Amino acid sequence: MIEGVTPKYSDLTNVPNTLVGYEREAECHAWLWANDVPHLSWVAVDDRSWLYRPFCRSLFMVNGRTGLTPTSGSQLASRLQCLL
């Protein structure tokens, strides 16, 4: 399920030092805190790994040229099932 929209990095205040420079991950964490669910597991589907900390467990990478394919979609569905 998709829940809401993350804030823009430029609008964030008090970005933790560990997330400075990792814009999308910081935005995701800001959304979690703003919605009082920082404890929940989450998955971001993205094609730009550099916007997340190295080895970010919440990032599901897709190819920017092909997007979500039947194969990667199946992998994502399996991953999301593990969160339930």
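You'll find the structure just up there.
Thresholds, definitions, all that
- Residues numbered from 1 in each chain as written.
- Predicted model: local features only at pLDDT ≥ 70, side-chain atom pairs only at ≥ 80, totals over all residues.
- Heavy atoms only, no water.
- Helix = DSSP H or I, 4+ residues; strand = E, 2+ residues; numbered from the N terminus.
- Rg over C-alpha atoms; globule rule 2.2 N^0.38 Å.
- Buried < 20%, exposed > 50% of the residue type's maximum accessible area, 1.4 Å probe, protein only.
- Contact = heavy atoms within 4.5 Å.
- Areas by Shrake-Rupley, 256 points an atom, 1.4 Å probe, with all protein chains shown as cover.
- Expected span 1.5 Å × (residues − 1).
- Core = buried A, V, L, I, M, F, W, Y, C linked by side-chain atoms within 4.5 Å.

Asker: Quick one: what's the story with the overall build of the protein chain, residue by residue and with numbers?
Answerer: When its secondary structure is counted, the protein chain shows 2 helices and 2 strands. Reading the helices (α) and strands (β) of the protein chain from amino to carboxyl end gives α-β-β-α. Here the C-alpha radius of gyration of the protein chain, 13 Å, is about what a compact globule of 84 residues would show, namely 12 Å. For the protein chain, the spread of C-alpha atoms along the three principal axes comes to 40 × 30 × 20 Å. Per-residue burial over the protein chain gives 25% buried out of 84 residues. Looking at the protein chain alone, contacts between residues at least 24 apart form 32% of all its contacts between residues at least 6 apart. Entry remark: accessible area of the protein chain is about 6300 Å², with carbon and sulfur atoms responsible for 55%.

Asker: Before we move on, could you go through helix α1 (residues 23-34) and cite the residues and values that matter?
Answerer: End to end, α1 covers 16 Å across 12 residues, agreeing with the expected 16 Å (1.5 Å per residue, within 8%). Looking at α1, one finds that the buried residues are Glu25, Ala26, Glu27, Cys28, Trp31 and Leu32. Next to the buried residues of α1 lie β1 (44-46). Asp36 sits one or two residues past α1 and shows a positive phi near 55°.

Asker: Account for the side chain of Glu25, naming residues and giving values.
Answerer: Looking at the element boundaries, Glu25 is found in helix α1. Once residues lying within four places of it in the same chain are set aside, the contact partners of Glu25 are Leu19, Trp42, Leu51, Tyr52, Arg53 and Cys56.

Asker: Tell me about the nonpolar core, and please be specific about residues and values.
Answerer: In this structure, Cys28, Trp31, Leu32, Val37, Trp42, Ala44, Leu51, Tyr52, Cys56 and Leu59 together form the largest nonpolar core, which totals 10 residues. Element by element, the count of residues in this core is highest for α1, at 3 residues. Among residues more than four places away in sequence, those in contact with Cys28 are Thr6, Trp42 and Ala44.

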